[in-house]
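Examination of the molecular architecture
Letter by letter, the chains look like this.
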Amino acid sequence: MRLSALNKLVLRDLVRVRGALVTSGFGIMAGTAALVFFLALGLGVRGVLLGEVFPIDQVELEPPKGSSFGQLASFALGGGAKAPRIEKDEIEALEASPFVAGVYPKLQFSFPASARGGKELLGRDLNTGEMIADGIDPALVGEVGDLPFRDPLEACEGSGGCQRCATTKECKAPQYCEARQNEKGFCVDPVPAVVSRYIIELFDKSIAPAHGYPQIGEKLLSRAEGMVFKMWIGESYLGQAKQGTPRWVHARVVGISDRAIDIGITMPIQTVRRWNVEFSGDGAGDAYSSVMVKVAEKDKVGEVVELADELGLTPKDTRARDVSVLLSGVMALLALVAGIILIVSASNIAYTFRVLVNDRRREIALYRALGATGGDMMKWLLALALTVGMVGGAMGVLVAWALSLGADRLGATRLPDFPFKPETFFDFPPWLVLGALGFAALFSLLGALGPARRAGKVDPAAALAALQ
Amino acid sequence: MTVEPAEVVVRATDIVKRYGDGKATKVAVDHVSLDVEAGEFLAILGPSGCGKSTLLGILGCLDRTFEGKLSLFEQDVRAMRDAELARLRGARIGFVFQAFHLLGHVDARENVLAPTLFVRERPDETKLRKRADDLLDEVGLGGRGDDMPSTMSGGERQRLAVARALLLEPELLLCDEPTGNLDLETGRSVTELFTRLHEERGLTIVAVTHEEQLAQAASRIIRLAAGKVVEEE
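Residues numbered from 1 in each chain as written. Chains lettered and ligands numbered in written order. Predicted model: local features only at pLDDT ≥ 70, side-chain atom pairs only at ≥ 80, totals over all residues. Heavy atoms only, no water.

Looking only at helices and strands, one finds 15 helices and 16 strands in chain A. Looking at chain A residue by residue over its 468 residues, the buried ones come to 50%. Of the contacts made within chain A by residues no fewer than 6 positions apart, 79% connect residues no fewer than 24 positions apart. Looking at chain A as shown, the accessible area adds up to about 21,800 Å², and 59% of this sits on carbon and sulfur atoms. (Helix = DSSP H or I, 4+ residues; strand = E, 2+ residues; numbered from the N terminus. Buried < 20%, exposed > 50% of the residue type's maximum accessible area, 1.4 Å probe, protein only. Contact = heavy atoms within 4.5 Å. Areas by Shrake-Rupley, 256 points an atom, 1.4 Å probe, with all protein chains shown as cover.)

Here it is in C-alpha cells:
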C-alpha cells in the first residue's frame, strides 16, 4: 500500500471518527504529559542537586573517619592530634586507574586559625572564631578569575625576586610580609583563596538577611581585585598550635570554584603545606589529608569507590550518591504512575479500535475485494493509531511544558529564596521529548495491535455476504 | 502495459464448499465444475440460498476455504499468497454487489476512485479523475461526481458501483445479484448496462442472479440448485 493512499485513509478517519479518536488521544496526552512533567522535574532538580550542590563527577577520598579526630577536634587539642594521612603510593595507585581522570591531593590546616575582614563589601568586618581551610593543587581549580591561584611565594622565585621584609609595614599594600616571627621574609600578594558556591548561597540566603548584610555572590564574582581579609594563623578561640608563634597573614578570595570545600576556604596546597610545617612540624607537610578524584565518566564512580576501598580510603561525602539514588527512585515511581496512565490509555485505544473494526467489517471486506491485502488493513489501523499516539504525545509534551512554566512561575513568586534556588525546576532534554513521543506512539500501537490484526483477518466473502 | 486476455478466464474443477463441523456441516457448493471463456457473459441462476453467491466469492478469490481446483487467468489460485491474490483482484477483477457496498463518507467520484488506493504503482491522479468522470458519464451519472451516495437512488448507486468496478479496466466482472435490490425498471436499465459493456468492450462477465431478466441477457446460463449445477444452456 502506498504511503499517499495510507495518508488519505487516515486523514479521512480523523474526520469521520474524530470524537472517538479525541477521547483516545486525550488519554495518551494525559499519560505523556504526566511522564514528561515528572521526568523533566526530576531531571531539573537532579541537575541542580548533582551539578551544583553535590557534583557527581568527582569524589573526595579520605582515610577512614575513625583514624581522624577531625579538623576542629585537632585544633581543640592544640593541633597536637595526628592528622589523617594519605601517602604518595596511594595517590599513584589512584592515578593508574582507567576510571580516574585526575587525582588532586588536599591538605587541611593542621593548626588553628581565625579570620577577620569583608568591610569593603559588607560595610563592616566580620570575624570568624575558627577558620576551616584546605590546601588544594592549583591545577584542580584552574582559572577562576583574573587573579592567579598559586602560592604567592612562587612569584619570588626566579630572577625578579621579592622585596625582603620583617613586618608588613615594609610592604606596599595589598602585599604583606610572609615571614615567621622574628625572621626575615618576603613581601608577597595575599594568598589566593576560592570558596564554594554553597557557602556563598548560604551567606546570601541565610546569614545576610538575618544580619542585614548585602548579598555578595554577584559582587564577588564581578570584582577583579577580589576580597582581601586577614587571617590569624596558629591560634583560634579553641586553642593554639603546638609549635610556632601565631601571626597575621593576608588572603584574598579570588573566586568561586566547584573544587572548593563547602564550608571554609580553599588555598594553594603549597601554602598550606608550608604553614602546616611551621605550626605542626615536618610530618604535617609530607602527606595528604584527603584526595579529590575526578572520575573519567560519571557512571564509573562506583568503580573508583571500590578501588579506594581496596586502598583503605572512604568517600568523604556520600550525599551525591544518596541523592542520586533517592532521585532515581522518585523519578522511577513517578514514571511508573505515568506508565500506568499510558497503559490505561492503550486499553482505551484497544476498545475504540475494536469497535471501529467491528463497525467497518463491510468496508474492510470491500477494500479486500478492491485489491487490499490483510496487511494493508493492518497498516491502515496501525497508521491511524500511530497518528493518534503522535498527536496525543505531542500535545502531552506541550501540556507538560506549559505546566512547567506555570510551576516555575509559582516557584519564583511563592517560594522563598533558598540556597541554589534555580530559575527553572525543569529540564527538557531532546531525548526526553523524543522518548515521550516514542512511548506515546508505542502505547498507541500496542493498544491498536489486536484490533488491527482482526482487521487483517476479516473474511471478505463472509463480511460482504452477511450484509447483502 | 496491456495484458492479453486468457482464452479461459476461469476454470473451476470439482469445487466444494462446506460450512460448519461434524453433523452440522452444510454443503453450500457441491462439486461444481465450470469454465468461463474470455468475452463470455455467464449467468449463474438459482433461487436464494442455492450457493451461487458462495460460488461467486470463491471465483473472485474472496474465499479460499474450499475444496477442488480453481485457476484464474491460468494461475492456480490455491498456490497463490494473500498479497498475490489481492493484486490479482485489484488489477484483473471487478466486483458488483447486490448491496452496492459504496463508501458513504466520500462523494461519488471518490467511490469510483477507491480501487486506486491499493494499486502499487503511483497512479496519474489527473488521468484517473478524468477516467472516473468518463465512467460516471458512461453509466449515466454524468455531472454527479460531487454527489454523496446517500443522495442517489438505488439504480444510481448500482451504476456508481459498476463505474467503480470498471475503473482499473478489469478483464473479469463478477456481479452478485446486481439487480436484486432494484425495482423492475431500474433493474432493466442496469441489465442493459451490462449487456452494453459485454458487447462494446468484450468484457467477461459472471453474474449470479435469481432473476430471469438478467439471465436472459447472458450468453450462457448455468442453473444451480442446492449447491449443484443442475442445468447448463
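Time to look at the environment of glycine 27 of chain A. Topologically, glycine 27 of chain A is positioned in helix α2 (residues 18–53). Considering only alpha carbons, one finds glycine 27 of chain A and isoleucine 341 of chain A, 314 residues apart in sequence, at a separation of 7.3 Å.

Taken together, the contact pairs 27 residues of chain A with 29 residues of chain B. Buried surface at the junction of chain A and chain B, summed over both partners, amounts to about 2,600 Å²; 59% is from carbon and sulfur atoms. In this assembly, chain A and chain B are joined by 3 salt bridges. A salt bridge links glutamate 110 of chain B to lysine 8 of chain A, with the nearest nitrogen and oxygen atoms 3.6 Å apart. Connecting chain A to chain B are 8 residue pairs in polar contact (both at pLDDT 80 or more). Breaking the side of chain A that touches chain B down by element, the ones donating at least two residues are α1 (3–16), α12 (361–369), α13 (374–414) and α15 (460–466) of chain A. Split by residue class, the side of chain A that touches chain B holds 13 nonpolar, 5 polar and 9 charged. (Buried area = accessible area lost by both parts, 1.4 Å probe. Salt bridge = Lys/Arg side-chain N within 4 Å of Asp/Glu carboxyl O. Polar contact = N/O pair within 3.5 Å; in protein donor to acceptor, adjacent residues only side chain to side chain. Nonpolar A, V, L, I, M, F, W, Y, C, P; charged D, E, K, R; others polar.)

A few words now on empty space enclosed by the protein. All names here are of chain B. For the structure on display, the rule yields 1 cavity of 30 Å³ or more. Here the largest cavity defines a volume of roughly 80 Å³. The wall of the largest cavity is formed by 13 residues, among which Gly90, Ile93, Gly94, Pro115 and Ala165 lie closest to the centre. Mapped onto the lining of the largest cavity, the elements with two or more residues apiece are α2 (82–92), β6 (93–96) and α5 (154–166). By residue class, the composition of the lining of the largest cavity is 9 nonpolar, 2 polar and 2 charged. (1 Å grid on protein atoms, 1.4 Å probe; cavity = no way out; pocket = protein on both sides within 12 Å on 5 of 7 lines; lining within 4 Å. Points joined across faces, edges and corners; volume = space filled by probe spheres on them.)

Moving on to the confidence of the model for chain B. All names here are of chain B. For chain B, the mean per-residue pLDDT works out to 88, and 97% of the residues sit at or above 70. The weakest mean pLDDT in chain B belongs to strand β10 (residues 228–232) at 84; the strongest belongs to helix α3 (residues 108–113) at 94. Quick note on the complex model: pTM equals 0.67, ipTM equals 0.89. (pLDDT = per-residue confidence, 0-100.)

Residue and element names in this part refer to chain A. According to the stated counting rule, one finds 33 salt bridges over all chains in the structure shown. Across the pair arginine 16 and glutamate 363 runs a salt bridge whose closest N-O atoms are separated by 2.8 Å. Of the two residues, arginine 16 is situated in helix α1 and glutamate 363 in helix α12; the sequence distance between them amounts to 347 residues. Residue class for arginine 16 comes out partly exposed when judged on its relative accessible area of 31%.

Moving on to the packing of aromatic side chains. For any two aromatic rings, the description comes down to two numbers: the centre-to-centre distance and the angle of the planes. All told, the structure shown has 12 aromatic pairs over all chains when counted by the stated rule. With a centroid separation of 5.1 Å and 55° between ring planes, the pair formed by tyrosine 367 of chain A and phenylalanine 118 of chain B is classed as tilted. Of this pair, tyrosine 367 of chain A sits in helix α12 while phenylalanine 118 of chain B sits in the loop between α3 and α4 (125–138), on two different chains. Between phenylalanine 426 of chain A and phenylalanine 428 of chain A the ring centres are 6.4 Å apart and the planes differ by 20°, which places this aromatic pair in the stacked class. On the basis of relative accessibility, which here comes to 8%, the residue phenylalanine 426 of chain A falls in the buried class. Judged by relative accessible area, phenylalanine 428 of chain A falls into the partly exposed class, the value being 24%. Taken together, the ring pairs in this structure connect Phe37, Phe38, Phe426 and Phe428 of chain A into an aromatic cluster. The positively charged end of lysine 230 of chain A is found above the aromatic ring belonging to tryptophan 248 of chain A, 4.8 Å away from the centroid. Looking at arginine 92 of chain B, its charged tip hangs above the ring of phenylalanine 73 of chain B, at a distance of 4.1 Å from the centre. (Phe/Tyr/Trp six-rings, centres within 6.5 Å; stacked < 30°, edge-to-face > 60°. Lys NZ or Arg CZ within 6 Å of the ring centre and 35° of its normal.)

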